[in-house]
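Each chain is listed here by its residues.
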Amino acid sequence: MNWQDDPVLARERYHAGVRGRLLRSTLTWGPPFILCLGALLFFGFDRAVQGGDHGGTWFLVIVLAILTTLFGFQAIGSFRDYVGEPVVARGRVTRRWARSDSFVLKTHYIRLEKQILRGDQLILDGIKEDDYVEATYYPKSAVLVWVEKTDAPKGDAGEDAPAG
């Protein structure tokens, strides 16, 4: 057996790739967030306290508040997941779908009970609706680290059987 075919090493390699994407997202959205936050504080103070002496208008403050919220949501969520640990959840996949997020990339999703998780085709290959899985994911960005099929819980085995 080749070392690249070892499931434990493949899982660790994939986890390192997910952490790299979280870091890249933090570094992509962090600087615009900090820049917009600084501008929001400056122009908000300028408009509220100094009467707009340095060009601050309420329209500019509102636009900066919206941009700061959008950039901050992405940057802070990715950063919290990067410094945090992934969460493990077990449950039934109630829905599985894929959609094109751009012209090039296709993202795959599963709904595990009520949580929607995002992954790629490699780790979601073979996962179908109504499968019971153990999913490892980052909670703030809902990015899957790994998914494995598991057996159904003992209490759920007879629920789908017809009565009679």
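To keep things clear, this report deals only with the structure shown in the data block. (Residues numbered from 1 in each chain as written. Predicted model: local features only at pLDDT ≥ 70, side-chain atom pairs only at ≥ 80, totals over all residues. Heavy atoms only, no water.)

Looking at the packing of aromatic side chains
Then comes step 1: All chains considered together, the criterion is met by four aromatic pairs.
Then comes step 2: With a centroid separation of 5.0 Å and an interplanar angle of 80°, the aromatic rings of phenylalanine 42 and phenylalanine 43 are classed as edge-to-face.
Then comes step 3: Judged by relative accessible area, which is 43%, phenylalanine 42 ranks as partly exposed.
Then comes step 4: Geometrically, the ring pair formed by tryptophan 97 and tyrosine 109 is stacked, given 5.4 Å between the ring centres and 20° between the ring planes. Remark: tyrosine 109 occurs in strand β2 (residues 106–112) and tryptophan 97 occurs in strand β1 (residues 87–100); sequence separation between them is 12 residues.
Then comes step 5: Over the ring of tyrosine 82 we find arginine 19; its NZ or CZ atom is 4.2 Å from the centre of that ring. (Phe/Tyr/Trp six-rings, centres within 6.5 Å; stacked < 30°, edge-to-face > 60°. Buried < 20%, exposed > 50% of the residue type's maximum accessible area, 1.4 Å probe, protein only. Helix = DSSP H or I, 4+ residues; strand = E, 2+ residues; numbered from the N terminus. Lys NZ or Arg CZ within 6 Å of the ring centre and 35° of its normal.)

Remarks on the nonpolar core
Note on soluble globular proteins: their nonpolar side chains tend to be buried together.
Then comes step 1: Counting residues in each nonpolar core, the largest one holds 21 residues, and the members touching the most others are Leu112, Leu117, Leu124, Leu144 and Val147.
Then comes step 2: Listed by contribution, the elements that provide at least two residues to this core are α1 (7–49), β1, β2, α3 (121–124), β4 (132–138) and β5 (143–149).
Then comes step 3: With five residues, the top contributor of residues to this core is β5.
Then comes step 4: Here valine 147 is in contact with Ile123, Leu124, Ile127, Val133, Glu134 and Ala135, once residues within four sequence places are set aside. (Core = buried A, V, L, I, M, F, W, Y, C linked by side-chain atoms within 4.5 Å. Contact = heavy atoms within 4.5 Å.)

Observations concerning the pattern of salt bridges
Then comes step 1: Scanning the entire structure with this criterion turns up three salt bridges.
Then comes step 2: The salt bridge involving glutamate 134 is made with arginine 90; its shortest N-O contact spans 2.8 Å. One end of the pair, glutamate 134, is in strand β4; the other, arginine 90, is in strand β1, with 44 residues separating them in the sequence.
Then comes step 3: Arginine 92 is paired through a salt bridge with aspartate 130; the nearest N and O atoms lie 2.4 Å apart. Of this pair, arginine 92 sits in strand β1 while aspartate 130 sits in the loop between α3 and β4, and the two are 38 residues apart along the sequence.
Then comes step 4: A relative accessible area of 29% means that arginine 92 is categorised as partly exposed. (Salt bridge = Lys/Arg side-chain N within 4 Å of Asp/Glu carboxyl O.)

Everything listed is a geometric property; what it means functionally is a separate question.
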